[in-house]
Structure formats: structure tokens, C-alpha cells
Amino acid sequence: MMSTRTAANIERSNLISVRTMHLFTLCSFAVSGPLLTAFSRQTVYIHDQQFSTLEIGVMLLALVLVIPVIVVLLDQLAARWSRRTNGYGRDVVVTVLFNIFVLSLLRPYVAAEWLVFAGLGGILALSIAVPTAVALTLLYVRTGWMKAWLTFASVGILVFPVMFVWQFQAIVRAERSLEGALAIQNPVPVVMVILDEFTSVTLMDKQMEIDAARFPQFARLAGMSTWYRNMTTNHPRTDVAVPTLLSGVFPTTVRSPLAAEYPGNLLQIIDSTKSYETAVFEPVARLSPEPVKHVRAVQAGVAGRCVELLHTLATVYPRLIFTSDTPIPFPTIPRTWFGVRDVSTQRYIERQQMTEGVFNYPGSEDRRIQLEHFLRCLKGSDRPRFCFLHTVFPHHPWCFMPSGDQYLAETSQWRFPTGATGELGEDWHDDPPIVYRNQQRYRAQAGYLDQFIGKILDRLQEANILDRCLLVVTGDHGVSFRPGHSRRLPDAETLPEILSVPLFIKFPGQSAGEISDRNVESVDVLPTIAEVLGVELPAPVDGSSVLSEPARLRKTLYLDRNTTIIEPNVPQRAAAVKRQAELFGDRQLEQPARESISHPEWLNRPLSDFVIDARPVPFLPLNPLKAGSSWERFEPSQTVACLVMGELKPADLPEAQADLVIAVDGTIVDTGTSYRTDHTNLAFEFLLPESVIKTASNGIELYLVDKSGDQLRLRPLARTVHAVNDY
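None of these values were measured; they are calculated from a predicted model.

Novice: Mind showing me how you'd approach the overall build of the protein chain here?
Specialist: Helix and strand content of the protein chain: 19 helices and 22 strands. Sorting the 727 residues of the protein chain into buried and exposed places 56% on the buried side. For the protein chain, the share of sequence-separated contacts (at least 6 apart) that also reach a separation of at least 24 residues comes to 75%. Summed over all atoms, the accessible surface of the protein chain reaches about 31200 Å², with 56% contributed by carbon and sulfur.

So, in C-alpha cells, the structure goes:
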């Protein structure tokens with residue numbers, strides 16, 4: 001007969017086993033579930049890193065077994081400690097796990113832009129999660145149904161890793177090669193350039209034609225090609241819009257931007273013809289059939305690769321639990337997570353000299369280097385060349401003046417546009433002046449892009465390719481600068497700017513420009529190229545060649561899985577062009593919009609016309625040229641101190657908002673108001689024209705407009721006088 005002690009030991013052992021299972025369950029929902037879900041969504045990261053089965057197995061072992069075992073051991077330590085404290089602290093580990101789980105559930109809801117901007121997202125999440133976790137712990141200790149629920153939910157211990165393995169295999173599945181070589185009837189040289197986040201509205205003047213005064217090279221391109229003025233995107237996201245352009249298929253399903261997901265895309269077709277020398281620049285998608293050579297600065301081996309993978313997941317994890325405004329210093333996520341492959345400096349330099357192959361540069365970094373490299377690929381050869389460039393221009397970060405001089409580090413701490421909020425920094429505050437200041441910087445960068453278009457035409461002409469080549473210049477999606485609206489997600493007001501993208505096609509032998517208002521969409525680009533080259537598409541597509549009739553009767557825009565049908569002539573586009581003209585008038589691209597200047601009547605007036613108050617206002621100057629960038633890749637002559645930035649404390653100001661004046665050599669060159677960076681600080685930003693900076697002899701002075709007394713005064717900002725190049 002079983003003794004009482006033996007029965008008690010068995011019961012205690014059973015209780016420990018059940019509690020261990022419950023801790024494993026909580027770990028699966030609080031740790032492994034969120035991480036594996038996030039990991040499976042980083043398809044380009046998985047594609048580029050080419051993880052082995054062993055490396056993935058080690059990661060799953062760490063998440064599914066090692067971490068839960070550590071948690072169980074900590075729980076046992078808590079049990080021993082509680083015996084000395086009359087039971088206090090016994091369930092602290094369970095409470096922490098419940099807290100993390102609740103935080104992960106709350107995060108999508110408390111990350112709303114107005115909460116994060118006010119600094120309340122993290123506080124609200126914690127204020128809800130902590131008492132909820134305590135309550136759930138009490139229910140777990142005192143009731144049987146909570147234990148029963150965790151027992152039932154223990155299936156997640158296996159479901160999460162099994163689902164991940166299934167998704168992982170779908171991502172890394174073998175690319176489906178095209179069967180046999182495709183016959184090509186007209187193997188002319190092909191140059192295709194996809195611009196990123198560029199609305200065709202920017203290029204237009206009041207007459208809805210190319211603004212030749214501000215974009216002379218685009219006007220030059222239009223003079224020798226067909227400008228499809230009514231061209232629109234099918235999706236406002238790059239990782240969907242670019243594959244749509246290259247596949248001719250509507251984005252009706254969720255797919256990764258990988259070649260295996262888009263069989264028969266343009267890059268595969270060109271490769272299959274075996275007729276071309278190719279140079280392909282893919283910073284975002286991975287649609288090229290050519291295997292990417294994965295070069296690392298250090299061959300870490302399997303053990304090192306496992307450590308790198310686990311370290312990357314550890315840096316990502318806090319961001320899956322906490323909102324960005326939570327007062328916690330998050331670790332830096334490795335660049336490889338975002339599809340930026342780390343290579344040695346020597347390999348980086350060697351790659352720039354290559355003119356054939358596939359080049360996966362970082363999307364929004366080293367963009368000047370990418371453009372220069374692409375230009376070197378435009379050359380004559382025995383076989384026709386296919387040169388493809390997706391450039392993340394004029395996409396944010398806005399760092400370049402029309403001349404090409406750089407005033408902001410691309411990898412600086414200012415990753416989101418100033419005055420923007422949201423998880424991706426794509427939502428504009430309802431603060432017109434700072435939104436229009438961003439538009440000023442965007443337009444300046446578009447001016448640099450115009451210069452690049454001219455260099456493409458010059459290179460093609462020098463190589464005797466221009467006349468006989470097929471040249472396609474288009475965009476993936478547009479961008480909007482409407483206060484209180486999204487920069488990227490369209491609504492009734494922003495639709496014409498986000499939907500409209502440029503499309504210029506210079507057909508072989510074409511020399512005279514035309515304007516076509518035919519209804520054209522992203523899906524029509526591939527069938528057009530195929531018809532010009534005389535290649536039969538290997539699979540049906542949704543688009544149709546611009547050379548065929550009739551044109552599509554309606555436009556289609558996809559956002560996630562939602563479809564919007566639009567009139568063929570984009571509604572309100574003329575109104576958007578008119579609004580742009582009203583904002584910027586005849587100003588140069590680097591000059592601010594009228595509505596962003598607080599005192600336009602003061603411009604070009606000497607400071608001697610105003611009363612200068614000697615009381616200084618303290619501020620923190622920010623140096624955009626040096627913040628977080630690797631500047632050894634740039635010549636000093638390529639940088640210019642045009643962006644003047646700083647932060648102010650509201651307590652130091654006589655009014656809730658700062659009204660500022662900036663002067664160069666004693667003359668006022670700009671005036672503007674501050675914007676709110678978060679719930680406590682104010683900041684300001686002025687982009688000065690290069691003509692002002694390069695002719696300055698003394699320096700820049702900043703003043704606060706003080707209206708608190710009977711007389712308007714200008715109060716100098718502390719540390720206001722700097723040598724121009726110190727900014």
C-alpha cells in the first residue's frame with residue numbers, strides 16, 4: 001500500500017510537471033511566438049542569409065527549450081526564496097510572463113500615432129499590462145480554469161515552431177526556373193530605372209506639362225520619349241510595387257519580393273533569353289535569377305552564425321513588446337535584418353568596379369555610390385546590355401541638394417521625417433509649416449534625381465546606345481505632403497499624389513517626344529517591354545502593352561487585400577498640381593513653400609532694422625553632417641552645411657511655440673516656427689539654399705521673435721554665431 005509520504009511526493013511531482021508545462025506555454029506565447037512570427041516576415045533577410053537547417057534548428061532549440069528551461073529554473077529559485085518570505089514572490093516569474101504576453105497583445109493598439117506622439121503609448125501599455133498580469137496570476141493560483149486554459153494552450157509549444165518551419169520552407173523553396181531559352185526577336189539594349197517614392201505631380205507645371213525650368217533633364221527625356229502622363233501604381237508599398245512592375249501581375253495575394261514568388265518576371269525573362277549582358281541593382285526585392293554571392297567580412301562558421309542569429313533576434317524582441325516611446329534604451333538591430341548585407345571594405349570597393357552581375361546595395365544608404373556605379377554599367381559591348389536600376393530616390397531620407405551636395409547623413413539618427421509620427425514615420429502631424437519644410441527637402445532631392453537622369457542620357461549618347469536602346473524610366477509609388485494625412489497610404493485627398501508615378505518610354509529609334517494620356521498602370525510595363533523585344537511571356541499577366549488596343553477602362557489600386565477601382569483620369573490630379581503651384585510658385589527647388597515662412601515680408605531685410613534683445617535663449621544645436629554616419633566614403637567637397645537644426649525647451653520660451661529668424665551675414669534669409677518632437681521638446685529646421693551658404697563670409701545667426709512685451713524684439717539663441725562649416 002502506498003505510503004502517505006510517497007503519495008505526497010507523487011502529487012508534488014505532478015504539480016511541478018504541470019507548472020513546468022504551463023511555464024513552457026507562457027514562454028511560447030510571450031517569447032517564441034512573437035519572435036518566430038516576426039522572423040518569418042523578414043523574407044529578404046532569410047533569403048540573403050541562407051540559413052542552414054542546423055542554424056535554424058539551434059535557434060528553435062534556444063527559443064522552444066533553452067529559454068523555457070531557464071524560466072523554470074528561475075521559478076524554482078523563486079519558490080525557494082518564497083519559503084523564507086512567508087510565500088511572497090512565489091509567482092513572480094509567472095507574473096512577469098503574463099505581463100510580457102499582455103504587452104505583446106496591447107502593442108498594436110497602444111502604438112497609435114497620437115498616443116506615441118504624446119509619449120503615452122508605453123505608459124498606457126504598462127499601466128494596463130501590470131495590473132492585468134497580477135490579476136491573471138491570482139486567477140492562475142486560485143482557480144482551476146486558468147490552469148485548464150494553460151494546459152489546453154500548451155499546444156502552442158509545438159504549433160508556433162511547426163508553423164514557422166512551414167513558413168520558412170515556403171520562403172526558401174527553390175526558385176522555379178523558366179524551361180528552356182526564350183526566343184527573342186529584337187534584342188536591343190535595355191535600360192530600366194525605377195524611382196522610389198516619386199509622384200509625377202512634382203514634375204508638372206500649371207499646364208500639366210514637364211516643368212522644364214526646375215526639371216530640365218526630365219524635360220529633355222520627355223523630348224525624346226513618350227511620356228505616359230496618366231501612369232499610376234497598383235500598390236503604395238515598394239516591396240509589392242516593384243515586383244508588380246516586373247511581373248505584370250496584380251498584387252492580389254500576399255507574397256514576398258523573391259524570385260520564387262514571381263516566376264516569369266522581367267529579370268528571369270532577360271536571363272532566359274541568353275542574349276544579354278546584365279547589370280541588375282536590387283536594393284529591396286530579390287527577383288533576379290542569378291544566385292547572389294554572399295560575402296562576409298569574417299567567415300564566422302556555424303557557431304558564429306548561430307550566435308549572430310540569436311543576437312539579432314534578441315535586439316528585435318524588445319520592439320515586439322514595447323512601443324517606441326517606452327523610456328527604455330533599445331539595442332540596435334543589425335543592418336542585416338533589414339536586408340543590408342555586411343561585406344568587407346575591400347569587397348565593397350571591388351564590387352563598385354564590376355559592371356556585370358547582381359548588386360544588392362543598402363536601399364537608402366550610399367545612394368550616390370549606387371548611382372555612380374550604375375552609370376559605369378552603361379557602356380557599349382559586343383552583346384546588348386540589360387541594365388536595371390531600382391534606386392531609392394527621391395525617397396526619404398532627404399539628404400541631397402539639387403547640385404548633388406549632401407547635407408545630412410543617410411544613416412543618421414533622424415531616420416524618420418521631422419514632424420512625422422507613426423510606427424514607420426509616415427503620418428504627418430497637422431502642422432503645415434514643418435510638413436512643407438519636408439516637402440522642400442524632398443523637392444531639392446528630386447532636383448538631384450533630375451541631374452542623374454541627364455547623366456544617364458549623356459552616358460548612353462557617349463556609348464552610341466541612346467538611339468537604338470529601349471529606355472524605361474518609371475516609379476514604384478508616389479508620395480504626399482498633406483498635413484494630417486499619411487505620406488504613403490492614400491485617402492480621398494492624397495490619392496492623386498500617391499497613385500501617380502512617372503513613366504517615360506523611349507522606344508528604339510524614337511527621337512521625338514510625345515505625351516500620351518492613355519490609362520497605364522504598373523502591370524502594363526512588363527508586357528510593353530516584352531512586345532518591344534519580341535519575347536513571348538512564359539505565363540499570363542494582368543497587364544497589357546501600351547502599344548496594344550484598347551486601353552483598360554478603369555484603374556486598380558491594391559492596399560493589402562483591399563481593391564479600389566478608380567476612374568481612368570485620376571480624380572483631383574489637376575487640383576494637386578494647382579495646389580503645388582500655389583505653395584511653391586516660381587521658387588527654386590531648394591527654396592521653402594510660402595506657407596512655411598512665418599514672416600515673408602522680413603526676407604532680405606538687415607538685422608539692423610530690428611530691436612535686438614541681449615537676453616539669450618538656450619538651445620541645443622544638432623549637426624546633421626556628423627550624426628551616425630560613415631563619412632569616409634564621401635569626399636569633403638561633396639558635403640555642404642545647408643541644414644540648420646536645433647532643439648528648444650518650452651520652459652525657456654515666452655510662448656508655447658517658437659517663432660524663429662535665421663540670418664546669414666546680417667541679412668534675414670528665412671523665418672519659421674518650431675515643431676513638437678515629442679510630449680516635451682520643441683525643434684526647428686531650416687534648409688538654406690546653397691547659393692546663400694557658399695557666398696557667406698561670416699556665419700549663421702538664429703533669433704527668437706519675442707512678442708511678449710510692448711515692442712517686438714529679436715532675442716539671440718545661445719551659441720548662435722557659428723562658422724558656416726561648423727554646422
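We are not done yet, so read on.
Novice: Please explain the sheet that holds strand 21 (residues 700-706) as it appears in this structure.
Specialist: Reading across the sheet, the 4 strands line up as 18-17-21-22 and stay open at both edges, with antiparallel pairing between neighbours. Strands with a single pairing partner mark the edges of an open sheet, and in this sheet they are strand 18 (667-673) and strand 22 (713-716). With strand direction ignored, the average angle separating the axes of adjacent strands in the sheet is 35°. Here 4 bridges tie strand 21 to strand 22, and the two strands are oriented antiparallel to one another.

Novice: How should I be thinking about the nonpolar core in this particular structure?
Specialist: Nonpolar side chains tend to gather and get buried jointly when the protein is soluble and globular. In terms of nonpolar packing, the biggest core is built from 90 residues, with Phe-218, Phe-374 and Leu-648 touching the most fellow members. By residue number, the principal contributor to this core is helix 15 (residues 432-462), which donates 13 residues. The contact partners of Leu-648, leaving out residues within four places of it in the chain, are Val-617, Pro-618, Phe-619, Leu-653, Ala-658, Leu-660, Asn-681, Leu-682, Phe-684 and Leu-717. Counting 49 residues, the second largest nonpolar core, distinct from the first, contains Leu-35, Val-94, Leu-103 and Ile-333.

Novice: It is not clear to me how the pattern of salt bridges should be interpreted in this structure. Could you clarify?
Specialist: Charged atoms that come close allow side chains of opposite charge to pair. One pass over the structure, following the stated rule, counts 30 salt bridges. We note a salt bridge from Glu-197 to Arg-488, for which the minimum N-O separation is 3.5 Å. Of this pair, Glu-197 sits in the loop between strand 1 (190-196) and helix 9 (216-222) while Arg-488 is found in the loop between strand 9 (470-475) and helix 16 (495-499), placing the two residues 291 residues apart along the sequence.

Novice: I'm lost on the environment of Ala-62 in this one. Help?
Specialist: Along the chain, Ala-62 falls in helix 3 (residues 53-84). Classification of Ala-62 by relative accessible area gives buried; the value is 14%. The residues touching Ala-62, leaving out its near neighbours within four places in the chain, are Ile-67, Pro-68 and Leu-310.

Novice: What should I look at first to understand the pairing of strand 17 (residues 659-664) in this one?
Specialist: The two faces of the sheet receive side chains in turn, since in a regular strand these alternate between them. Counting buried residues along strand 17, 6 of its 6 residues qualify, which places the element largely inside the surrounding structure. Remark: 2 residues form the turn of the hairpin made by strand 17 and strand 18, two consecutive strands paired antiparallel; Asp-665 in that turn has positive phi of roughly 55°. Alignment of strand 17 against strand 21, held across 5 bridges, turns out to be antiparallel. Bridging from a neighbouring strand, Val-661 pairs with Tyr-703 of strand 21.

Novice: Please explain helix 6 (residues 121-142) as it appears in this structure.
Specialist: Residues three or four positions apart in an α-helix share a direction because the helix packs 3.6 residues into each turn. Its 22 residues give helix 6 an end-to-end C-alpha distance of 32 Å, which sits within 8% of 32 Å, the value for a rise of 1.5 Å per residue. Taken together, the buried positions of helix 6 are occupied by Gly-121, Gly-122, Ala-125, Ala-129, Ala-133, Leu-136, Thr-137 and Tyr-140. When helix 6 is viewed along its axis, its buried side chains cluster within an angular range of 100° and face the same direction. The outward face of helix 6, more than 90 degrees from its buried face, is lined by the exposed residues Ile-123 and Arg-142.

Novice: Explain the side chain of Ser-200 here, please?
Specialist: One can find Ser-200 in the loop between strand 1 and helix 9. Sequence-distant contacts of Ser-200, defined by excluding residues within four places in its chain, comprise Ser-500, Val-501 and Pro-502.

Novice: Honestly, the environment of Thr-85 in this entry has me stumped. Any pointers?
Specialist: Of note, Thr-85 is situated in the loop between helix 3 and helix 4 (92-110). On the accessibility criterion, Thr-85 (22% relative accessible area) is partly exposed. Side-chain polar atoms of Thr-85 contact the backbone oxygen of Trp-81, separated by 3.4 Å.

Novice: I'm lost on a nonpolar patch on the surface in this one. Help?
Specialist: A surface patch of nonpolar side chains, amounting to about 690 Å² of accessible area, comprises Leu-61, Leu-65, Val-66, Val-69, Ile-70, Leu-73, Leu-74 and Leu-77. Tracing the backbone shows Leu-65 in helix 3. Its relative accessible area of 39% is what places Leu-65 among the partly exposed residues.

Novice: Teacher, can you tell me more about the sheet that holds strand 19 (residues 675-676) here?
Specialist: Across the sheet, which stays open at both edges, the 4 strands sit in the order 15-16-20-19 with antiparallel pairing between neighbours. Of all the strands in the sheet, the pair left with one neighbour each is strand 15 (620-622) and strand 19. Note: strand 19 against strand 20 (residues 682-687), 2 bridges, orientation antiparallel. Counted as the bridge partner of Tyr-675 is Ala-683 from strand 20. Set on the sheet, helix 15 makes contact with strand 16 (643-648), strand 19 and strand 20; between it and strand 20 the angle comes to about 35°.

Novice: Is there a simple way to think about the packing of aromatic side chains in this case?
Specialist: Centre-to-centre distance and the angle between the planes together describe a pair of aromatic rings. Tallied over the full model, the rule gives 31 aromatic pairs. A centroid spacing of 6.3 Å and a plane angle of 75° characterise the contact between Phe-215 and Phe-218, whose relative ring orientation is edge-to-face. For Phe-215, a relative accessible area of 0% gives the class buried. Taking relative accessible area as the criterion, Phe-218 reaches 0% and is therefore assigned buried. Taking the centre distance of 5.5 Å and the plane angle of 80° together, the rings of Phe-393 and Tyr-448 count as edge-to-face. Highlighted residues: Phe-393 in strand 6 (residues 385-394) and Tyr-448 in helix 15, separated in sequence by 55 residues. Under the relative-accessibility criterion, Tyr-448 is labelled buried at 6%. Ring pairs connect the aromatic residues Phe-198, Phe-215, Phe-218, Trp-227, Trp-398, Trp-428, Tyr-442, Phe-481 and Phe-504, which therefore count as one cluster. The cationic tip of Lys-147 hangs over the ring face of Tyr-140; the distance from NZ or CZ to the ring centre is 5.0 Å. Note that Arg-367 overlies the ring of Phe-393, its terminal NZ or CZ placed 4.6 Å from the centroid.

Novice: Looking at this structure, I do not really get helix 18 (residues 573-584). What am I missing?
Specialist: For helix 18, with 12 residues, the first-to-last C-alpha span of 17 Å sits near the 16 Å given by 1.5 Å per residue. Here helix 18 has its buried residues at Arg-573, Ala-576, Val-577, Arg-579, Gln-580, Ala-581, Leu-583 and Phe-584. Along its buried surface, helix 18 packs onto helix 15 and helix 16. One or two positions beyond helix 18, positive phi appears at Gly-585, with a value near 55°.

Novice: Help me understand the packing of helix 15 against helix 18, please; the structure alone is not making it clear to me.
Specialist: When two helices pack together, their arrangement is given by the angle between the helix axes and the distance between those axes. Interaxial distance between helix 15 and helix 18 falls to 12 Å at its minimum, and their mutual angle equals 100°. Taken together, the axes of helix 15 and helix 18 are roughly perpendicular relative to one another. Within the contact between the two elements, helix 15 uses Tyr-436, Gln-439, Gln-440 and Arg-443 and helix 18 uses Arg-579, Gln-580, Leu-583 and Phe-584. Taken together, the residues of the contact of helix 15 with helix 18 sort by class into 3 nonpolar, 3 polar and 2 charged.

Novice: Just to check I follow, could you spell out the side chain of Arg-573 for this structure?
Specialist: With respect to the secondary-structure elements, Arg-573 resides in helix 18. With no salt bridge to any partner, buried Arg-573 finds its closest opposite charge in Asp-517, at an N-O distance of 5.3 Å. In this structure the side chain of Arg-573 is engaged in a polar contact, spanning 3.0 Å, whose partner is the backbone oxygen of Arg-229. Contacts of Arg-573, omitting those with residues within four sequence positions, involve Val-201, Met-204, Met-208, Arg-229, Asn-230, Pro-496 and Ser-500.

Novice: It is not clear to me how the confidence of the model for the protein chain should be interpreted in this structure. Could you clarify?
Specialist: Fine structural detail should not be taken from predicted coordinates in areas where pLDDT scores are low. In this model, the protein chain carries a mean pLDDT of 87, and residues with pLDDT of at least 70 account for 89%. This stretch, residues 292-298, has a pLDDT under 50; its non-local contacts, to residues over four places away or in other chains, come to 19 contacts. Here residues 720-727 is modelled with pLDDT under 50, and outside its nearest four sequence neighbours on either side it reaches 25 contacts, counting other chains as well.

Rules behind the numbers
Residues numbered from 1 in each chain as written. Predicted model: local features only at pLDDT ≥ 70, side-chain atom pairs only at ≥ 80, totals over all residues. Heavy atoms only, no water. Helix = DSSP H or I, 4+ residues; strand = E, 2+ residues; numbered from the N terminus. Buried < 20%, exposed > 50% of the residue type's maximum accessible area, 1.4 Å probe, protein only. Contact = heavy atoms within 4.5 Å. Areas by Shrake-Rupley, 256 points an atom, 1.4 Å probe, with all protein chains shown as cover. Pairing = 2+ DSSP bridges. Axes fitted to C-alpha atoms, helices over the stretch in contact; angles between N-to-C directions. Core = buried A, V, L, I, M, F, W, Y, C linked by side-chain atoms within 4.5 Å. Salt bridge = Lys/Arg side-chain N within 4 Å of Asp/Glu carboxyl O. Expected span 1.5 Å × (residues − 1). Arc of directions from axis to C-beta. Polar contact = N/O pair within 3.5 Å; in protein donor to acceptor, adjacent residues only side chain to side chain. Patch = residues over 30% accessible without salt bridge, like charges linked within 9 Å, V, L, I, M, F, W, Y side chains within 5 Å. Phe/Tyr/Trp six-rings, centres within 6.5 Å; stacked < 30°, edge-to-face > 60°. Lys NZ or Arg CZ within 6 Å of the ring centre and 35° of its normal. Parallel < 35°, antiparallel > 145°, perpendicular 65-115°, else oblique. Nonpolar A, V, L, I, M, F, W, Y, C, P; charged D, E, K, R; others polar. Lys, Arg positive; Asp, Glu negative; His and termini not counted. pLDDT = per-residue confidence, 0-100.

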